[in-house]
Amino acid sequence: MFQTLYSCFWWERLWLPANLTWADLQDRDGRVYAKASDLYITLPLAFLFLLVRHLFETYVATPLAGLLNVKEKIRLKATPNPVLERFYAATSKHPKQAEVEMLSRKSGCSVRQVERWFRRRRNQDRPSLLKKFREACWRFTFYLIAFLAGMAVIVDKPWFYDLREVWKGYPIQSMLPSQYWYYMIELSFYWSLLFSIASDVKRKDFKEQIIHHVATIILISFSWFANYLRAGTLIMALHDSSDYLLESAKMFNYAGWRNTCNNIFIVFAAVFIVTRLVILPFWIMHCTVVYPLDLYPAFFGYYFFNFMMVVLQSLHIFWAYLIIRMAQKFITGKARGAWREETAVVEDERSDREETDNSEEEEEVAKNGPLSNGHPVLNNNHRKTD
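What counts, and at which threshold
- Residues numbered from 1 in each chain as written.
- Predicted model: local features only at pLDDT ≥ 70, side-chain atom pairs only at ≥ 80, totals over all residues.
- Heavy atoms only, no water.
- Helix = DSSP H or I, 4+ residues; strand = E, 2+ residues; numbered from the N terminus.
- Buried < 20%, exposed > 50% of the residue type's maximum accessible area, 1.4 Å probe, protein only.
- Contact = heavy atoms within 4.5 Å.
- Areas by Shrake-Rupley, 256 points an atom, 1.4 Å probe, with all protein chains shown as cover.
- Axes fitted to C-alpha atoms, helices over the stretch in contact; angles between N-to-C directions.
- Parallel < 35°, antiparallel > 145°, perpendicular 65-115°, else oblique.
- Left-handed = near helix turned anticlockwise from the far one by under 90°.
- Nonpolar A, V, L, I, M, F, W, Y, C, P; charged D, E, K, R; others polar.
- Patch = residues over 30% accessible without salt bridge, like charges linked within 9 Å, V, L, I, M, F, W, Y side chains within 5 Å.
- Salt bridge = Lys/Arg side-chain N within 4 Å of Asp/Glu carboxyl O.
- UniProt positions renumbered as here; feature names shortened; annotations may be inferred.

(A) How the structure looks around the overall build of the protein chain. Summing up its helical and strand segments, the protein chain has 13 helices and zero strands in all. Along the protein chain, helices and strands appear, N-terminal first, in the series α-α-α-α-α-α-α-α-α-α-α-α-α. Within the protein chain, the proportion of its 386 residues that are buried is 47%. If you take every contact in the protein chain between residues at least 6 apart in sequence, the share linking residues at least 24 apart comes to 80%. Of the roughly 19700 Å² of accessible surface on the protein chain, 63% is carried by carbon and sulfur atoms.

Structure, rendered in C-alpha cells:
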C-alpha cells in the first residue's frame, strides 16, 4: 500500500508537463537538477535555526535591548487561587459579571478582588516587551540577510530582467549552487517559524500566520520538486524585500523611538503594497500563469502552484487592508492632532497585536503609582499600542 501511495504521489503527470518524465531530470552532461531528497536537510537545519535564534536573542538581542533602553515592565502577580485559576484555564479569561459574582461566592473574595485577580492574571500571560523586541530583532536580522543574499543570487541572472527567461528551456534547467543554498536556508527558516509559532508572541492574525507558513513551505517545496527554481527565487526575494522593514519598525516601537518607528512603517507600507499588490500579481503571477502555456499545455502542477500563489495573494490583500487602515488612522490622527504623543505609536496592524488582552490597562507597579503603560482606555473596542 505504501508503495502504491508513493507511486501515485510521484506520478510524472502531477509534477511535470506532458511527454516529460523524471528521467529527463537526471543529472547528466554537467547538468545538476533539484531532487526531493535534497529537502531532508531542511528539518535538521530548522532545529539549528532554533538554536541559533536562542543564542542570538540571548547574546545579541538582549544586550541591544539594554542599549536601546527596552525595559521589562513590572507586573503584579495574581495571588494563587485554585478556584479562579481553574475557571481561568478551563472556561474564560474574561468572565462576565454574573460569573464574577459566582466566583466571588465560591472563592470567598469580593467582586472587586475577583476582577483585579483576572486583570493581573491576564497581564501575567501577556508577552513582555523584551520578548517582543528579541523576536523582532531576530526576524529583522534574518530577513535583511536573506533579502541581500536573494538579490545577490538573482540580480545578475537574465530572468531577473526578462521574466520570459524564467521558462526558457523549462524544465531542463540546471540548478545553480546559489539556488540550492538559497532554497535550503529559506525553507529551513520557515520550518523553524512553524515549529516555534506556539511559543512565540501570539498575534491577532495567528491563524493567518499558520496558513502563511504552511502555504510558503508547500510552495517552496513544490517549486523545488517541479524545478520551478527561477520563479521560486524571484518570489522569495520579493517577499523578503519588505519584511525586514516591518521588524525594524517593531524594534524602534518597543524602544520608544516613535518618530523613527512611524517613518519606517510608512516606508514598509509603501514597499509592501508595491511588491505584494502590484509586482507579485501583475508581474510574477502573470509570469507563472501565462508564460508556461506558451511552452506546454496546463497540467496538475501548473494549477496547484498557481492555486497556492492565489492563497498567498489573498493573505497579502488581507494584511494590506489592515496596513492601509492603520496608515489612515495614523495620518488622520496626526493631521487632526487628536492623538497624544505617547499614543501616536504606529502599531503593526498586520501581525503585532496580541490576542491575550485587548482592552485593559496595565496593573499599577506600585501603590498610588501611575499606570505602567500610560495609556488610557477609550472603550472596549480599542487596543493599547505597544
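From this point, things continue past the structure.
(B) Fine view of the packing of helix H7 (residues 129–154) against helix H11 (residues 229–255). Viewed as axis vectors pointing N to C, H7 and H11 meet at an angle of 150 degrees, and their least axial separation amounts to 7 Å. Comparing the axis directions of H7 and H11 gives the class roughly antiparallel. Here the hand of the crossing between H7 and H11 comes out left-handed. Each residue belonging to the contact of H7 with H11 can be placed in one class, and the counts come to 15 nonpolar, four polar and six charged.

(C) Spatial organisation of a nonpolar patch on the surface. Among the surface-exposed residues, Leu-48, Leu-51, Val-52, Leu-55, Tyr-59 and Val-60 lie close enough to one another that they form a single nonpolar patch of about 560 Å² accessible area. One can find Leu-51 in helix H3 (residues 42–67).

(D) Main features of the pattern of salt bridges. Throughout the structure, instances matching the rule amount to 12 salt bridges. Where Asp-200 meets Arg-53, a salt bridge forms, and the shortest distance between an N and an O atom there is 2.8 Å. Note that Asp-200 is positioned in the loop between helix H9 (177–196) and helix H10 (206–225) and Arg-53 in helix H3, a separation of 147 residues in sequence. The two residues Asp-200 and Arg-53 agree in class, both being buried. Measuring nitrogen to oxygen at the nearest pair gives 2.8 Å for the salt bridge that ties Asp-156 to Lys-157. The exposure class assigned to Asp-156 is exposed, which follows from its relative accessible area of 55%.

(E) Main features of the UniProt feature "transmembrane region" (unreviewed entry) in the protein chain. When the UniProt feature table is mapped onto this chain numbering, "transmembrane region" (unreviewed entry) sits at residues 39–56, 140–160, 180–198, 264–284 and 304–324. The span residues 140–160 carries 86% helix and 0% strand; its end-to-end C-alpha distance comes to 25 Å. Helix makes up 100% of residues 304–324 and strand 0%, and the two end C-alpha atoms of the span are 30 Å apart.

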